[in-house]
Every structure is written in C-alpha cells, then in structure tokens.
Amino acid sequence: MTVEQLLARQGDGVGRRRASRRAVEPEPQPQAPVRRAPAGRASGLPPARPEEPPAVRAGLPPVPGAGRPAGGAQPGLPPVPGAQAGFPPVPPAPQVPGPADQLPVPAVQAGLPPVPGSAASLWAPADRPSRRSGPIPPLPGLAVPPAPATPPVQRRTRAKDRPPPSPGRRRAVRVVTALAALLGVVVLYHLALYFYVDQRIDRVDALATDGPEVLAPELQDAADTYLVVGTGVPGQTGAASVATLVASVSADGDRAVLVSVPPTALVDTPVCRTPDGDLRNPVTEAFASSLLDGGPACMVRAIQQLSGLRIDHYLGVDLAGLPTMVDALGGVPVCIVPTEATAAAAQPPPPGPSQLSGEAASGFLEPGDTGTDVTGAAVAERAQRLLTSTLRAAMSGGTLLDPVTLARFLNRASDSLTVDEQTTLGDLRVLASSLGDLSGDAVQRAGLPVAQVGYVPAGSDDAFVVLDRPATRALFDEVIDGTRLPAEVLEAQRAAQTAASQAAEAPQPAPEQPTGPAPLTVAPGAITVDVLNGTGTTGLAGTVAEALRGQGFGVGTVGNEEGTVNETVVRFGPGAEEQARTVAAAVPNSVLRPSDAVGAAVQLVIGPGYSSVVPVQVGAPVAADPGPETTPADPQPEVSPVRC
C-alpha cells in the first residue's frame, strides 16, 4: 500500500470519528477562508480545504503529515518516504465529506505536484504533455544509452566543382544530339506518312470469318489466309480481266501455298451483302461474277464456300495501276524463271534477274495468245510475282530512306489498293516478306483441278470451267490441315517439270522434207463453217468468225462447245474433207477430225493454242508447219538453270 492510499484511509477514519463526536458535542467551527482552484483545473471538484490543518483532538493519534511544516518532519513520527531534503513534501489526501458534515478540502499548495488518483492530477487538454512536443526526460537513476553515431552526409559534387568538358567531348555531344533530332524527325515523318496513306486506302467490309462455311476453324487459328484479287488485266475484259489467288501462310512463316482460281469456274455463291448494303440471294455463277456483280464480300463468301478456308485478309489490286507503282519506284527487280506462266505473257522478260519498268510490267501482265490461259492460272501467277516484287522493293531500306520516292509510291499505291477494314499496310508487308523470303519447295503453287473446259449450260451462251470437286476438296483439306499441297499434286508437278527439262535437253531432229501434200481444191467462198468456242475466253467465237469472214469464208453457227477440247479441232462429216482441209489451212495448229455427228457440215472448235486466222490460196499445198525447208536448224545453245 502506498503512502497516498494510507493517508487517504486515515483521513476517512478521522472524518467518521469527527462526525460521531459532533453529534454528542456540537461545537461551532470557525469558517476558514477557501482558496479557489487555479484556472484550467477540471470542473466538478470538491471545494478546497483551508490552508491551516485541523487541530488534533485529544485522545486521537496524530495524522501522519498533518501540521508538518514544509520540508520538515513532525517529532515522534517516522519520516514520510520521499520527504527528504530537496524534494517537495507530499500534500495531505483530500477529505471526503461525510453525511454529517461537509468539510472543505484543503487547497493544493502552489508548487506541489498533485496526488496521483485525485482530481487535481487530471491534466487539462492544453497542459497535457505530448510526445510530439519533444522527447520524454529519462527517469531519475536510469542511465540513458548513447545515441548511435550518424555517418557524415556526403555532399554531392556540384556542377561548378566538376572540371569543364573538353572540346572533343562537347563536339561529340552536339553530334549525338543532332543525330537524335534527325532520327526523331525521320521517324515522325514516316509514321505520319504511314497513317496518312493507311487512311487513304479504300476499305471494304469484306470478311466473314465466322461464316458457317468455314471448316475446322481451330486448325486455321495460327495460319493467315489472304485473298489476292487482281482486276483490270491488260488486254482482257469481263471475267477474263480478273485474276484470283488464295495465299495461305503457315503460323511460323516457313512455308506458303498459293492456289489460283479460274475466273470462269462454276461456283455456288451463298447469301452475301453487296457494297450498297443489300442482301444478295444464293446463286451458281462464274467465280469472277461474284466480284463483278456482288462485290468483295460475295467473292469472299464464294471462295470460303468452295474451299472451307477462312479468309483473314482481302487485298484487291488494280493491275492497270500496278505499272504506275513500278514507275514510282524507278523500276522493280524481279527474277524470271522460265515457266508456262512466264511464256504465256505478251512480252516475257528474259530469264534471270531483270529490272522491269512500268511498260515492261504491263507487257508481262498482258496475256499472249488468246485462249492459251483458259483457267487464268498463268496471269494470276504473273500478277502475284510482280506484286510481291513491287511491295518488297517499296519496303527496302533504300526506298524507306528516300522520302520523295516513298511518298510517290504510297500515293499511287493508295489509289490502286483495296483492303478489308482489319488489314493494314503492316499486314501487306508481312505477306510480301513471307512470299519473297521463301524459296524452293517452301512455296507451293497449284491451280484448281479442272474436269471440263468450255462447258455451256442449257440456256446460256457463256462457256464455263467445271472443277473436279473431289480433287478440289482433297487439295483444300491438305491446305487446312498443314498448309501444304497433296502428295499426288506435287508428284504430278515434278513429273511435268522433269518431262519439260528432258524435252529441252534432247537434240531436236531435223525437220522432214514434205512429200508433196495435195493442194487445196475448195475456195473459202464455197465453204460454210460453224465456229464454236472451246475456251474460257468470252466472245472468242465471234472474233474468229469475223476473221474468217474477212478471208472469204461463209460463217454458219457461232456459239460455245459443250464438251472439252485440248486443241483447236476442225470436224467434218462424210464428203466434206476438202472443205475441212481449207479451213484447217486458214487456222494454223488446227487438227482435222472426221465425225459422223456433224453430217456434211464443217465445224471449227477453238481450243487452247489458237493464234490467228491466215489467208489461204487454192491450188497451193498445205503448209501445216511453215519453216525453213532447206536451211538446217542452227544448234541451240545449252540452257543453264536460272539462279537469282
């Protein structure tokens, strides 16, 4: 028990004894002046006691500390702990008034600390010490540990304390700053030009990636499939002026498959939306008609219906404007490999590396002999090669560092290109880079298998190409599964290439001398010939008929051949052989073929290989293959393989 608690308990006992004694012997008590508590002390405290301590009654033990002078001890009483010299005396405990009397509480002496637990020990809010005001002083008798040593603060070296840079360093800093500024200007210029041209390119809503005709879409998620459509083939009109190529690039970009689609192939076009926003009903038509009559969205749906592929990018190229893009670059480097497609051009470039100008590019795109490219595979391959070379030249470092050339090319390209809404110039660069970097067997080309050429449906005057549906399905299944062609297609291509190379290397026999063919006996004016078109070129029968009329022939029926022919044929019935010989002499490279189905008529069926109509003379021998008869053929130089 502490001294303060002992004093409080004794004070309570004294108060009770006083109350009982007063009841027996009431005695008036003088009123002592009351000292008010200082301002700031908590309200509700009992009144302060008088300054003088109450007198000690006889017979009662003295209260410890009562009447003790300040700083001294009362005789006969033990000293109060803590009341030593140099320490303030402990004030008496406050008296609690009893029911009999209300004794005033002595006021707290000035300079004395309040007794713990009493109301006087409560700190006012303004007088309460705070930890924020400063550190708490240590308790007496306790050693304060020394504060840890603070390392000295290293003062940073100021710029004025550094040595001045050398002149060489200042020049290097200026050069680096100028190069960085120049590089920033070039980058900003190219970015601005890129976004400007990207916004100028015509865009169409052509894709239908979630169409129900797409097969196994999970197998096609990684690959990218482009539908490249060239329009305005030089020298062609109608369906023949459209060249279409489907390019599928594998996910890792290490292989690609290019498949050409005949423009006159009969396909089933599902319901689609035209550029005007109208719905187009399903129809069976030529593949090129889906674009010419329906628009890009209808052609995308038609090729997806035919192949099961998902078209991810649509790229339309105006082939009439492609030569202007070549001129904008100052010419385009191409590698010409002798193929059937190259030989079918009106002006094929020489084999090997070549620099094509705009005029040479136009002659390379234009077909040569009419009727030699029935399926359109040759012109599609030439357009793809030229377009790929042009885009690669445009993305080369020399062009990118020449702002004038680059701006001229992009402006012309924006007028000749049409893409879907999701395709950007970056996607076209990926296509050009993929097809340009791959070589050898990494790029596989094929045309769709054809079952019949020159098919004329009932009630139509147009000839169509009928596809081999089972072979076409097998081809596209391999493309979907692994971005490759079927093994049998590749074997057939290798066999054809081997046969062509062997025929080129074999020595050519000397031409046989004619043994005196019988001269022509029937004049053209005495012959009436029916002209039938066995190719996919629209209007070819009418053109040939006009040429025959110009040579004096009579022309009967002009139409299309229902069957399939691989060459130009002159059919004749019994008794019409002489007339047929005259017609065959007027059409070089034609073959005589007797037929009982035509009666006494003479029919000219135009097939692949037709070139023109030449004049004939009655009484002259037939020269089936005109050429030098007496001068032996000069030896041909050995052809070395082309490497680019």
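It should be emphasised that the depicted structure is a prediction, and the values quoted were computed from it without experimental measurement. (Residues numbered from 1 in each chain as written. Predicted model: local features only at pLDDT ≥ 70, side-chain atom pairs only at ≥ 80, totals over all residues. Heavy atoms only, no water.)

### Looking at the confidence of the model for the protein chain
For clarity, the threshold we go by: Confidence scores labelled pLDDT are given residue by residue by the predictor and lie between 0 and 100. Think of it this way: any DSSP run of H or I at least four residues long counts as a helix, any run of E at least two long counts as a strand, and we number them from the N terminus. We call two residues contacting when some pair of their heavy atoms lies within 4.5 Å.
Per-residue confidence for the protein chain gives a mean pLDDT of 75, with 65% of residues at or over 70. Taken element by element, the predicted model of the protein chain shows its lowest mean pLDDT in helix α1 (residues 3–24) (54) and its highest in helix α4 (residues 296–307) (96). Confidence drops under pLDDT 50 across residues 82–87; counting only partners more than four residues distant or on other chains, this segment forms one contact. pLDDT under 50 marks residues 99–103. Its contacts with residues more than four places away, or in other chains, come to seven contacts.

### What about helix α14 (residues 540–550)?
Rules: Working definition: with a 1.4 Å probe on protein chains only, accessible area under 20% of the residue-type maximum means buried, over 50% means exposed, and in between means partly exposed. An arc is given here, and it is the one of the directions from the helix axis to the C-beta atoms.
Among the residues of α14, L540, A541, V544, A545 and L548 are the ones counted as buried. Seen from one end, α14 has its buried residues packed into an arc of 135 degrees, which puts them on one side. In α14, those exposed residues whose orientation departs by more than 90 degrees from the buried face are E546 and G550. Here the buried face of α14 lies against β16 (528–533), β17 (554–560) and β20 (602–606). Once α14 finishes, G552 follows within two positions and takes phi at roughly 95 degrees, a positive value.

### Topic: the nonpolar core
We count it as follows: Here the nonpolar core consists of buried residues drawn from Ala, Val, Leu, Ile, Met, Phe, Trp, Tyr and Cys, with membership extended through side-chain atoms lying within 4.5 Å.
Of all hydrophobic cores here, the largest spans 49 residues; its most connected members are L315 and F409. Residue contributions to this core peak at eight residues, all from helix α8 (residues 377–394). Beyond its immediate sequence surroundings of up to four residues, L315 is in contact with L227, V228, V229, L387, L417, T418, V419, L428 and L431.

### Points about the pattern of salt bridges
So the rule is basically this: Within this document, salt bridges are pairs made up of a side-chain nitrogen of Lys or Arg and a carboxyl oxygen of Asp or Glu, the two lying within 4 Å of each other.
Scanning all chains against the criterion turns up 14 salt bridges. For R310, the salt bridge goes to D221, with nearest N and O atoms at 3.1 Å. Here D221 lies in the loop between β1 (202–204) and β2 (224–231) and R310 lies in the loop between α4 and β9 (313–318), a separation of 89 residues in the sequence. The exposure class of R310 is buried, given its relative accessible area of 11%.

### Some words on helix α10 (residues 403–416)
Let me state the cut-off plainly: For a helix, the expected span equals 1.5 Å multiplied by the number of residues minus one.
With 14 residues, α10 extends 20 Å between its outermost C-alpha atoms, agreeing within 8% with the 20 Å of an ideal straight helix rising 1.5 Å per residue. Within the sequence span of α10, burial applies to T405, L406, A407, F409, L410, A413, S414 and S416.

### Section: unusual backbone geometry
Despite not being glycine, T483 has its phi angle at roughly 50 degrees, a positive value. The topology assignment puts T483 in the loop between α12 (469–482) and α13 (487–505). T483 gets classed as buried once you look at its relative accessible area, which sits at 8%. The backbone phi angle of N589 is positive, close to 65 degrees, even though this residue is not glycine. In this structure N589 comes out as exposed when scored by relative accessible area, which is 54%.

### Examining the packing of helix α3 (residues 287–294) against α4
In plain terms, the rule: Every axis in this analysis is a line fitted to C-alpha atoms, fitted for helices over the stretch in contact. Angles between the N-to-C directions lie between 0 and 180 degrees. Oblique is the label for every angle not falling under 35 degrees (roughly parallel), over 145 degrees (roughly antiparallel), or within 65 to 115 degrees (roughly perpendicular). Definitions for this section: a left-handed crossing has its near helix turned counterclockwise from the far helix by less than a right angle. A right-handed crossing has that turn clockwise.
Between α3 and α4, the shortest axis-to-axis distance is 7 Å and the interhelical angle comes to 155 degrees. Classified by the angle between their axes, α3 and α4 sit roughly antiparallel to one another. Relative to α4, α3 is oriented so that their crossing is right-handed. Within the contact between the two elements, α3 uses F287, A288, S290, L291 and G294 and α4 uses P296, C298, M299, A302 and I303.

### Here we look at the pairing of strand β18 (residues 569–572)
We apply this condition: A clockwise course of the path from the first strand over the helix to the second, judged with the strands pointing away from the viewer, identifies a crossover as right-handed. If DSSP finds at least two bridges between two strands, the strands pair.
A two-sided burial pattern is seen for β18, the buried positions comprising V569 and R571 on one face and V570 and F572 on the other. Between β18 and its parallel partner strand β19 (residues 591–594), the chain crosses via helix α15 (residues 577–586), and the hand of that crossover is right-handed. Both β18 and β20 contribute to a ladder of four bridges, which runs antiparallel. Note that in β20 the partner of V570 across the bridge is L604.

### Points about the sheet that holds β20
The strands making up a sheet associate through backbone hydrogen bonding, with each pair oriented either parallel or antiparallel. One open sheet holds the five strands; their spatial order is β17-β16-β20-β18-β19, and the pairing between them is mixed. Edge strands, defined here as strands with exactly one partner in the open sheet, are β17 and β19. Averaged over all pairs of adjacent strands, the angle between their axes in this sheet comes to 25 degrees, without regard to strand direction. In terms of strand pairing, β18 meets β19 through four bridges, oriented parallel. From the neighbouring strand, V569 faces β19, where its bridge partner is V591. Strands in contact with α14 are β16, β17 and β20; relative to β16, the strand with the most contacts, it is inclined by about 155 degrees. Taken strand by strand, α15 contacts β16, β18, β19 and β20, and its axis lies near 165 degrees from that of β18.

### Comments concerning the state of the cysteines
Stated formally: Cysteine sulfur atoms that come within 2.5 Å of each other are treated as a disulfide pair.
This structure, assessed with the given rule, holds one disulfide. The partner cysteine of C272 in its disulfide is C298, sulfur to sulfur 2.0 Å. Residues C272 and C298 are joined through a disulfide that is right-handed, its torsion about the S-S bond being 85 degrees. Here C272, found in strand β6 (residues 272–273), pairs with C298, found in helix α4; they are 26 residues apart in sequence, far enough to count as distant. For C298, a relative accessible area of 0% puts it in the buried group.

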